[in-house]
Amino acid sequence: MLVEFFLRLRDAGIPVSITEYLALLDALDRDVCGPDVEDFYHLSRAALVKDERHFDRFDLVFGAHFKGVEARFERVAGEVPLEWLRKLAEKHLTEEEKARVESLGGWEKLMETLRKRLEAQRGRHQGGSKWIGTAGTSPFGAYGYNPEGVRIGQDDSRHRHAVKVWDRREYRDFDDTVELGTRNLKVALRRLRQFAREGAEDELDLDGTIRSTARNAGLLDVRMVPERRNVVKVLLFLDVGGSMNDHVRRCEALFSAARTEFRHLEHFYFHNCLYESVWRDNRRRHAERIPTTEVLRTYGTDHKVIFVGDATMSPYEIAYPGGSVEHWNEEPGAVWMGRMLARYPHAVWLNPEPVRRWETTPSIDMLNKLMDGRMYPLTVAGIDRGVRELQR
């Protein structure tokens with residue numbers, strides 16, 4: 001089976017060598033991974049693939065070759081986990097059934113209906129289309145379907161259509177030590193560098209030393225100069241959580257590259273759209289918030305601003321007070337975005353979503369217009385265009 005897998009990788013254009021194949025066999029012989037398909041996937045990819053550009057092709061070959069093999073490693077559980085029973089309660093609707101589920105008629109009516117049902121409901125409800133519960137088509141609850149609902153008590157997003165979320169969700173900080181895929185990003189970001197000599201004179205000025213020594217009749221006259229440093233100042237705002245979970249690896253790569261390239265870098269997290277506060281540590285985001293007005297007062301207009309986010313959200317979050325999915329915002333996100341862009345004219349937005357989705361997703365189109373068209377894809381080419389915009 002492994003020989004055939006090796007040959008299929010070669011046929012797919014992945015430059016796998018005999019040495020790498022033997023290294024994989026040796027790792028298996030030493031029990032580096034257990035009887036788990038996912039562990040074997042990571043081990044074989046680490047042993048056989050030298051360039052991250054080939055990861056997609058490796059995934060396709062792996063999926064096609066080992067399809068169904070996971071059943072060989074299944075273990076008999078002593079009892080059925082409660083979580084399995086919970087997931088079985090989900091109601092799976094066809095596309096035709098989903099199309100028949102009607103919206104409640106806009107933001108104001110949705111919130112008013114939720115208030116009335118909270119007052120009237122007296123217990124837990126399963127299924128159905130009206131009460132707050134699970135596995136139904138009601139716009140309020142969890143593990144069901146409604147194209148414009150309020151999610152309450154659900155582990156994670158499923159259809160990404162909720163206009164508000166009543167849960168205390170936990171996010172994690174981006175890892176700035178990630179190196180995978182950062183090399184090209186660093187090259188693109190380097191265009192933004194502006195060097196100047198500042199600080200103590202601790203670097204040898206070779207040309208100056210030669211000139212000074214020559215003028216001094218050959219007697220050595222050492223000249224020192226301050227070190228050349230990148231003086232560009234960057235404010236990096238990173239969208240985190242929700243639909244951004246799909247793009248964590250790419251955002252971590254960008255974050256790592258930016259931390260390496262810019263000496264004067266300040267980063268902040270936000271969710272979906274900019275509001276009255278941001279935070280630096282996702283583990284303490286509920287306790288340690290930074291007012292956005294404080295950011296505007298603290299950092300000068302010479303800073304470059306980079307937003308990173310998929311801009312995929314309910315349009316209410318941008319245009320309405322109270323539109324945020326996580327809290328009641330007194331002012332719309334568009335107001336805070338306007339203040340930020342008025343303060344920092346050199347700003348761009350990097351979007352990990354494919355460009356083909358931008359015009360068909362209302363919230364992306366709205367934010368792109370707020371940015372005056374300065375939204376670019378989160379690719380090496382897109383970053384290069386964004387950096388050129390910041391240099392103007």
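If you're wondering where the values come from, they're calculated on a predicted model, not measured in any experiment. (Residues numbered from 1 in each chain as written. Predicted model: local features only at pLDDT ≥ 70, side-chain atom pairs only at ≥ 80, totals over all residues. Heavy atoms only, no water.)

**Description of the packing of helix H1 (residues 2–11) against helix H4 (residues 55–65)**
Working step 1: At a minimum axis distance of 10 Å, the contact between H1 and H4 shows a crossing angle of 145 degrees. The interaxial crossing formed by H1 with H4 has right-handed handedness. Taking contact as the criterion, the partners of Glu-4, Phe-5, Arg-8 and Leu-9 in H1 are, on H4, Phe-58, Val-61, Phe-62, Ala-64 and His-65.
Working step 2: The class makeup of the residues in the contact of H1 with H4 is 6 nonpolar, 1 polar and 2 charged. (Axes fitted to C-alpha atoms, helices over the stretch in contact; angles between N-to-C directions. Helix = DSSP H or I, 4+ residues; strand = E, 2+ residues; numbered from the N terminus. Left-handed = near helix turned anticlockwise from the far one by under 90°. Contact = heavy atoms within 4.5 Å. Nonpolar A, V, L, I, M, F, W, Y, C, P; charged D, E, K, R; others polar.)

**So, unusual backbone geometry**
Working step 1: Even without being glycine, Asn-272 reaches a positive phi, approximately 70 degrees.
Working step 2: Take Asn-272: it is sitting in the loop between strand E10 (264–270) and strand E11 (277–278).
Working step 3: The exposure class assigned to Asn-272 is buried, which follows from its relative accessible area of 7%.
Working step 4: Backbone geometry places Asp-372, a non-glycine residue, at a positive phi of 55 degrees.
Working step 5: Along the chain, Asp-372 falls in the loop between helix H14 (362–370) and strand E15 (375–377). (Buried < 20%, exposed > 50% of the residue type's maximum accessible area, 1.4 Å probe, protein only.)

**A short note on the confidence of the model for the protein chain**
Working step 1: Averaged over every residue, the pLDDT of the protein chain is 75; the share at 70 or more is 64%.
Working step 2: Taken as a whole, residues 70–93 scores under 50 in pLDDT and shows 24 contacts with residues more than four places along the chain or in a different chain. (pLDDT = per-residue confidence, 0-100.)

**Considerations on the pattern of salt bridges**
Working step 1: Scanning the entire structure with this criterion turns up 13 salt bridges.
Working step 2: Ionic pairing is found between Arg-223 and Asp-221, a salt bridge with its closest N-O pair at 3.2 Å.
Working step 3: Accessibility expressed as a relative area gives 41% for Arg-223, which makes it partly exposed.
Working step 4: When its relative accessible area of 22% is taken as the criterion, Asp-221 is described as partly exposed.
Working step 5: For Arg-388, the salt bridge is made with Asp-384, and the minimal N-O distance between the two is 3.1 Å. Of this pair, Arg-388 and Asp-384 are both found in helix H15 (residues 380–390), 4 residues apart, which corresponds to roughly one turn of the helix. (Salt bridge = Lys/Arg side-chain N within 4 Å of Asp/Glu carboxyl O.)

**Some details on the pairing of E10**
Working step 1: Summarising burial for E10: 5 of the 7 residues are buried, a large majority.
Working step 2: Sheet analysis places strand E9 (residues 233–239) next to E10, joined by 7 bridges and oriented parallel. Its bridge partner being in E10, Phe-237 is matched across the sheet by Phe-268.
Working step 3: Traced from E9 through helix H10 (residues 248–261) to E10, the parallel crossover comes out right-handed. (Pairing = 2+ DSSP bridges. Right-handed = clockwise from strand over helix to strand, strands pointing away.)

**So, helix H3 (residues 37–48)**
Working step 1: Helix length check: H3, at 12 residues, gives a terminal C-alpha distance of 16 Å against a target of 16 Å (1.5 Å per residue), a fit within 8%.
Working step 2: Buried residues of H3: Val-37, Phe-40, Tyr-41, Leu-43, Ser-44, Arg-45 and Leu-48, and no others.
Working step 3: The inward-facing, buried residues of H3 abut H1, helix H2 (18–29), H4 and H10. (Expected span 1.5 Å × (residues − 1).)

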